[in-house]
Amino acid sequence: GQQVMQIPQYQHVQEGEDFTTYCNSSTTLSNIQWYKQRPGGHPVFLIQLVKSGEVKKQKRLTFQFGEAKKNSSLHITATQTTDVGTYFCCMDSNYQLIWGAGTKLIIKP
Amino acid sequence: SAVISQKPSRDICQRGTSLTIQCQVDSQVTMMFWYRQQPGQSLTLIATANQGSEATYESGFVIDKFPISRPNLTFSTLTVSNMSPEDSSIYLCSVITLAGIYNEQFFGPGTRLTVL
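Residues numbered from 1 in each chain as written. Chains lettered and ligands numbered in written order. Predicted model: local features only at pLDDT ≥ 70, side-chain atom pairs only at ≥ 80, totals over all residues. Heavy atoms only, no water.

*Asks:* Please clarify how the overall build of chain A should be interpreted in this entry.
*Replies:* A tally of regular secondary structure across chain A gives zero helices and 11 strands. Expected size for 109 residues packed as a compact globule is a radius of gyration near 13 Å; at 13 Å, chain A falls within 12% of this value. Seen along its three principal axes, the alpha-carbon backbone of chain A occupies a region of about 40 × 25 × 20 Å. Per-residue burial over chain A gives 50% buried out of 109 residues. In chain A, of all internal contacts separated by at least 6 residues, the share reaching a separation of at least 24 is 53%. For chain A, the computed accessible surface area is about 5500 Å², with 51% contributed by carbon and sulfur atoms. Taking the 11 positively charged and 7 negatively charged side chains of chain A as two groups, their mean positions are separated by 4 Å. (Helix = DSSP H or I, 4+ residues; strand = E, 2+ residues; numbered from the N terminus. Rg over C-alpha atoms; globule rule 2.2 N^0.38 Å. Buried < 20%, exposed > 50% of the residue type's maximum accessible area, 1.4 Å probe, protein only. Contact = heavy atoms within 4.5 Å. Areas by Shrake-Rupley, 256 points an atom, 1.4 Å probe, with all protein chains shown as cover. Lys, Arg positive; Asp, Glu negative; His and termini not counted. Charge placed at Lys NZ, Arg CZ, Asp CG, Glu CD.)

*Asks:* Which parts of the structure should I look at to understand the packing of aromatic side chains?
*Replies:* How two aromatic rings sit relative to each other is given by the distance of their centres and the angle of their planes. Scanning the model with the defined rule gives 10 aromatic pairs over all chains in all. Between phenylalanine 33 of chain B and tyrosine 35 of chain B the ring centres are 6.5 Å apart and the planes differ by 50°, which places this aromatic pair in the tilted class. Just as phenylalanine 33 of chain B is buried, tyrosine 35 of chain B falls in that class too. When the centroid spacing of 5.6 Å and the interplanar angle of 45° are considered together, the rings of tyrosine 35 of chain B and phenylalanine 107 of chain B count as tilted. Linking tyrosine 35 of chain B in strand S4 (residues 29-37) with phenylalanine 107 of chain B in strand S10 (residues 106-107), this pair joins segments that are 72 residues apart in sequence. Take tyrosine 35 of chain B and phenylalanine 107 of chain B: they sit in the same class, and that class is buried. Through pairs of rings, three or more aromatic residues link up here, namely Tyr35, Phe45, Phe88 and Trp99 of chain A together with Phe33, Tyr35 and Phe107 of chain B. (Phe/Tyr/Trp six-rings, centres within 6.5 Å; stacked < 30°, edge-to-face > 60°.)

*Asks:* What should I look at first to understand the interface of chain A and chain B in this one?
*Replies:* When the parts of a complex come together, some accessible area is lost, and that lost area is often taken as the interface size. Between chain A and chain B, the contact holds 14 residues from the first and 15 residues from the second. Taken together, both faces of the contact between chain A and chain B bury some 1300 Å²; the carbon and sulfur share is 56%. Summed over the three residues of chain A that lose the most area to chain B, namely His42, Leu97 and Trp99 of chain A, the buried surface amounts to 38% of that side. Taken together, the connections running from chain A to chain B amount to zero salt bridges. Our enumeration of links across chain A and chain B arrives at four residue pairs in polar contact (both at pLDDT 80 or more). If you list the elements that add at least two residues to the side of chain A that touches chain B, you get strand S4 (31-37), strand S5 (44-49), strand S9 (85-93) and strand S10 (96-99) of chain A. The element contributing the most residues to the side of chain A that touches chain B is S4 of chain A, with three residues. A breakdown of the residues in the side of chain A that touches chain B according to their chemical character gives eight nonpolar, five polar and one charged. (Buried area = accessible area lost by both parts, 1.4 Å probe. Salt bridge = Lys/Arg side-chain N within 4 Å of Asp/Glu carboxyl O. Polar contact = N/O pair within 3.5 Å; in protein donor to acceptor, adjacent residues only side chain to side chain. Nonpolar A, V, L, I, M, F, W, Y, C, P; charged D, E, K, R; others polar.)

*Asks:* Quick question: what am I supposed to make of the sheet that holds strand S6 (residues 55-58) of chain A here?
*Replies:* By way of backbone hydrogen bonds, the strands of a sheet pair with one another, either parallel or antiparallel. All names here are of chain A. The five strands are arranged S1-S3-S8-S7-S6 in an open sheet whose pairing can be described as antiparallel. Both edges of this open sheet fall to strand S1 (4-7) and S6, since each of them pairs with a single strand only. This sheet shows a mean twist of 10° between the axes of neighbouring strands, independent of strand direction. (Pairing = 2+ DSSP bridges. Axes fitted to C-alpha atoms, helices over the stretch in contact; angles between N-to-C directions.)

*Asks:* Looking at this model, I keep getting lost on the confidence of the model for chain B. Mind explaining?
*Replies:* Do not read the fine detail of predicted coordinates wherever pLDDT is low. In this model, chain B carries an average pLDDT of 93, and 97% of its residues clear a pLDDT of 70 or more. At the level of individual helices and strands, chain B shows its lowest average pLDDT in S4 of chain B, which scores 92, and its highest in strand S2 (residues 10-13) of chain B, which scores 98. (pLDDT = per-residue confidence, 0-100.)

*Asks:* I'm lost on the state of the cysteines in this one. Help?
*Replies:* As used here, a disulfide is simply a covalent bond connecting the sulfur atoms of two cysteines. With the rule as written, the count across this model stands at two disulfides over all chains. A disulfide bridge connects cysteine 23 of chain A with cysteine 89 of chain A, and the sulfur atoms are separated by 1.9 Å. Here the disulfide of cysteine 23 of chain A and cysteine 89 of chain A is left-handed, its torsion about the S-S bond being about -90°. Of the two residues, cysteine 23 of chain A sits in strand S3 (residues 19-25) while cysteine 89 of chain A sits in strand S9, which places them 66 residues apart along the sequence. A relative accessible area of 0% means that cysteine 23 of chain A is categorised as buried. Residue classification places cysteine 89 of chain A among the buried residues on the basis of a relative accessible area of 0%. There is no disulfide at cysteine 90 of chain A, and the cysteine sulfur nearest it, in cysteine 89 of chain A, is 7.8 Å away. For cysteine 13 of chain B, which is in no disulfide, the shortest distance to another cysteine sulfur is to cysteine 93 of chain B and amounts to 18 Å. (Disulfide = S-S within 2.5 Å.)

Below you can see the structure in the form of C-alpha cells.
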C-alpha cells in the first residue's frame, strides 16, 4: 500500500542555522501539503504543491515538489525560535490522505 | 479559514465506558475527518465523516468501535466505544471548506482522552 517516509525525525539547530525536512513516497502523488504543529497545538496548513518540479516560497520557508511527484522538501533559512514545532507532510494519492511521521525542529539553547 | 470547536477538550474515562466527542464548524464544509494522534507521534486518519450516510473508515478502524455521525454540513460526532487504555490519545477533527483555495485541512483544538 501507499507509504510515505519523512526524515529526519528530529533536527537540533542553533538559532540562525538552516533546517530541512524531506518526504518520500512509494507512489506518484496528486499533491502534497505541509503543516506545522506547535507544541501543545494542532496542525496548521502551510502550503500545497501540485505541479511537478514546483517551488514555492513563504518568507524564509522554501517548499519543493520533485519532478516525479514522489518527493518533497521543506527548507527553513536562518531559523528563529518561532519556527519551533513539528513539520508534517501530508500526501494525497487517489484521495487517500497519508501523513508523514513529522520532523521536530528543536532550537538549541 | 474555518473556526472549529471540539467538546470536550479533555476527559478521563474508565475502561469499558464510551465517550462522544463533538466537532462544530462555523461554516459549511465539504469534508470532515477524524484523526487520532498519540503525543509526539504523527496523525492517523480514523475516518471520513459523510453527511447523511455512513462514515468511510480507514484500515484498522471499524464502525462498532468508532461510530461517527454527521447530521449536517457543520457538525459531526465521534464516539469511542468500550474504551481501553490503548484508546488514550488526542482526537482531532479537521475540515476542508467550500471557500478554501487549496484542499487545506483546518483542525479543531483536539480532545485529550485518558482511559484508566
